[in-house]
Each structure stands twice: as C-alpha cells, then as structure tokens.
Amino acid sequence: MLANDIAIELLQLPLTCVGQTLTELDVAPQVTRALTTQQQQPDRQFLIGERVVVFNRMPVKTARKDLGSVTTFRDRTELTLLEQELGDSKATADMLRAQTHEFANHLHAISGLIQLQEYEEVIRFIDGVSFSRSKVFEDVSAHIQEPTIAALLIAKASVATERGILLEVSNDSRLGRGDEQIARDLTTIVGNLIDNAMDAVAEMPKPKIMLSVHEADNLITVRVSDNGPGIADDAMKEIFTQGFSTKDATVSGGRGFGLALSRLVCRRRNGDITAVNDHGAQFTATLRK
C-alpha cells in the first residue's frame, strides 16, 4: 500500500509498485518471506541482489481487523562484510591456537620418550613431525605468494589434520601477491569454501579436500573439491541463498551466510561462484583483481 523511495531502491521494485501484490510484482522469494512471515527476533538479514538488508516487521491491527504490517529495513552490506572479515581473523587466531595445542602434544610425546630413554624413537618421531610440518609449509609457500592466504591455508591445514582430514593444494596452483583488499576478499572466499568442505567430509571414512588457485592476467580462480556426499539435487539452487544451511535450517540470521557473502564478494569483482557434483562437491569461484 505504501513504499518510499529507499524501499523501492533497496527491494528493487518498479516505480509503479504501489497497489500491486507481491505476486504481481514477481519479487525475490526472500523479499516475500521478509514482508509476510512472522518475525520472532529483530533485525533479520536477507541478501537482496548485492546488498545485505536488515528487516524489521511489525503487524498492524485494530480491535476487529488485521490491517497488514509495516516493515522497516536498512542497508548494512559494508558492516556485514566487515563482520565477516573480523570473523575470518578470529577463526585464524583460533586455528593458530589449535596449532599451539598440536605442538604441545608433540612436546609431551617427546618428553615422555626421553624419560623412557627411547632415544632412537625420539629421533624418528621428531623427524616424522618435522617432515610433516615442512611439507605443509613447502606445499603452500611454493604455490601461494600472498602471505595472508598462505597463513590461512597453513592454519586450515592444522585444523584439518586435527579433524583427521587431508587438505591438499594442487601442484599447479599459482597465486602472486595482491593488494590488501583482494587479500581480504580471497580470505572470505577460501575460508568459507574450505570450512564448508570440512563439514561435508566430516563423516567420510577417508576425508579429503583439494584446493587449487590459479591467476591468469587479471582473473583469479579458486576451486575447492571434496570427497563428501555431494550436494542434494533439491538444494543445488538454494545453496547460495542467504539463510540456507544443511546444518540448521531454523536459524535465518546466522547460518547459511558464508556462501551468500562469498558470491557477493565475487560478483562485486565481476566474477561468480558455481557448484557441481563430481565424486563429491566442487565449488569454483572467480573474481577479478
């Protein structure tokens, strides 16, 4: 019945929208959900086009009649992306703590072997740990020159090892140094794709994730494959929708934002993310420097 100029712009409505139903306007499904469903908690977030919009809906009633509702909303795209970047930084710190825990376990094992006077076993154990760690560092540093992404991958590899998951970087991967903004964008994309892959393979007998990164001219391509169960056919169209999650579909504000934000980051750089099933899930993200 009423829509101001900001509403028309943020919801991508036609100028002649007043007096038409949502069905007649053919709005995005998330717009219909935001404007018509009961809202138990304030500040519901939806991805509308390339903007993260926060909705607040309040029903309007008289003693005898339901008059509809009034919905207010605001654009918080930049703040949401900043929150994602801060979340990535916190996740990296958590992963470094996991590395510290791993190193402490190794030191305890070495200390115990020394006390048992198993000196040859100590040498074999240290050699094995050194080879394992150096191989991870060499694999990453040989292909990824951007320090932020290299640090992220080394930390993710530690978490994957702790969870019994093999995380490999393909031999043909190449990524040079970039500016601060491209590093932040890549952190969001790579971090989300690897996290999703680790969740997907958690129940597999021999979980494995393969990452490849290629840089050609001005285009960067990130591909993350796993040997998990793949993506269900009915979910394939929904996985990039904000609020969609295979973990907990009842949470609309927290779960299911990673892939939506990753696609937003890619599209802002004239790229996109696609997903296919190929002996597991395979996500391919492209973005331009």
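Look up a bit, the structure's there.
Keep in mind it's a predicted model, so treat the numbers as computed, not measured. (Residues numbered from 1 in each chain as written. Predicted model: local features only at pLDDT ≥ 70, side-chain atom pairs only at ≥ 80, totals over all residues. Heavy atoms only, no water.)

Engineer: Hey, could you run me through the overall build of the protein in this one?
Structural biologist: Regarding its fold elements, the protein presents eight helices and eight strands. A separation threshold of at least 6 residues defines the contact pool for the protein, and within that pool the share at least 24 residues apart is 57%. (Helix = DSSP H or I, 4+ residues; strand = E, 2+ residues; numbered from the N terminus. Contact = heavy atoms within 4.5 Å.)

Engineer: Looking at this structure, I do not really get the sheet that holds strand β6 (residues 219–226). What am I missing?
Structural biologist: Remark on secondary structure: sheet strands pair via backbone hydrogen bonds, oriented parallel or antiparallel. Spatially, β4-β5-β6-β8-β7 is the arrangement adopted by the five strands of the open sheet, whose pairing is mixed. With partners counted over all chains shown, the strands left at the sheet margins are β4 (166–169) and β7 (272–277), one partner each. Strand after strand, the sheet turns through a mean of 15° between neighbouring axes, direction not considered. The pairing of β7 with strand β8 (residues 281–288) spans six bridges and is classified as antiparallel. Considered in β8, the bridge of T274 is made with T284. (Pairing = 2+ DSSP bridges. Axes fitted to C-alpha atoms, helices over the stretch in contact; angles between N-to-C directions.)

Engineer: Which parts of the structure should I look at to understand the packing of aromatic side chains?
Structural biologist: Two descriptors summarise a pair of aromatic rings, namely the distance from one centre to the other and the angle between the planes of the rings. Inspection of every chain in the model, using the stated rule, returns one aromatic pair. Taking 5.4 Å as the distance between ring centres and 40° as the angle between the ring planes, the aromatic pair formed by F55 and F73 counts as tilted. Of the two residues, F55 sits in strand β2 (residues 51–61) while F73 sits in strand β3 (residues 66–75), which places them 18 residues apart along the sequence. Taking relative accessible area as the criterion, F55 reaches 0% and is therefore assigned buried. (Phe/Tyr/Trp six-rings, centres within 6.5 Å; stacked < 30°, edge-to-face > 60°. Buried < 20%, exposed > 50% of the residue type's maximum accessible area, 1.4 Å probe, protein only.)

Engineer: Can you walk me through the sheet that holds β2 in this structure?
Structural biologist: Pairing is antiparallel in the open sheet, where three strands are placed in the order β1-β2-β3. Since the sheet does not close on itself, it has two edges, and those belong to β1 (44–48) and β3, each with one partner. Adjacent strand axes in the sheet meet at a mean angle of 40° when their direction is disregarded. By the bridge criterion, nine bridges tie β2 to β3 in an arrangement that is antiparallel.

Engineer: Can you help me understand the nonpolar core in this one?
Structural biologist: Grouped burial of nonpolar side chains is what soluble globular proteins tend to show. Counting residues in each nonpolar core, the largest one holds 42 residues, and the members touching the most others are L153, V222 and F283. Taken together, the elements giving at least two residues each to this core come down to α6 (147–162), β4, α7 (180–200), β5 (208–216), β6, α8 (258–268), β7 and β8. With 15 residues, the next largest nonpolar core counts L13, C17, L25 and F73 among its residues. (Core = buried A, V, L, I, M, F, W, Y, C linked by side-chain atoms within 4.5 Å.)

Engineer: Looking at this model, I keep getting lost on helix α3 (residues 29–36). Mind explaining?
Structural biologist: Each turn of an α-helix holds 3.6 residues, which means side chains three or four residues apart point in the same direction. For α3, every residue scored as buried is listed here: Q30, V31 and A34. Projected down its long axis, α3 shows its buried positions confined to an angular sector of 100°, all on one face. Elements in contact with the buried residues of α3: β1 and β2. (Arc of directions from axis to C-beta.)

Engineer: Would you mind showing me how to read the packing of α6 against α7 here?
Structural biologist: Angle between the axes and distance between the axes are the two parameters that describe a pair of packed helices. Between α6 and α7, whose axes approach to 10 Å, the crossing angle comes to 15°. Judged by the angle between their axes, α6 and α7 are roughly parallel. The way α6 lies across α7 gives a crossing that is right-handed. Across the interface between the two elements, T148, I149, L152, L153, K156, V159 and A160 of α6 pack against A183, L186, T187, V190, G191, I194, D195 and M198 of α7. For the contact of α6 with α7, a count of residues per class yields ten nonpolar, three polar and two charged. (Parallel < 35°, antiparallel > 145°, perpendicular 65-115°, else oblique. Left-handed = near helix turned anticlockwise from the far one by under 90°. Nonpolar A, V, L, I, M, F, W, Y, C, P; charged D, E, K, R; others polar.)

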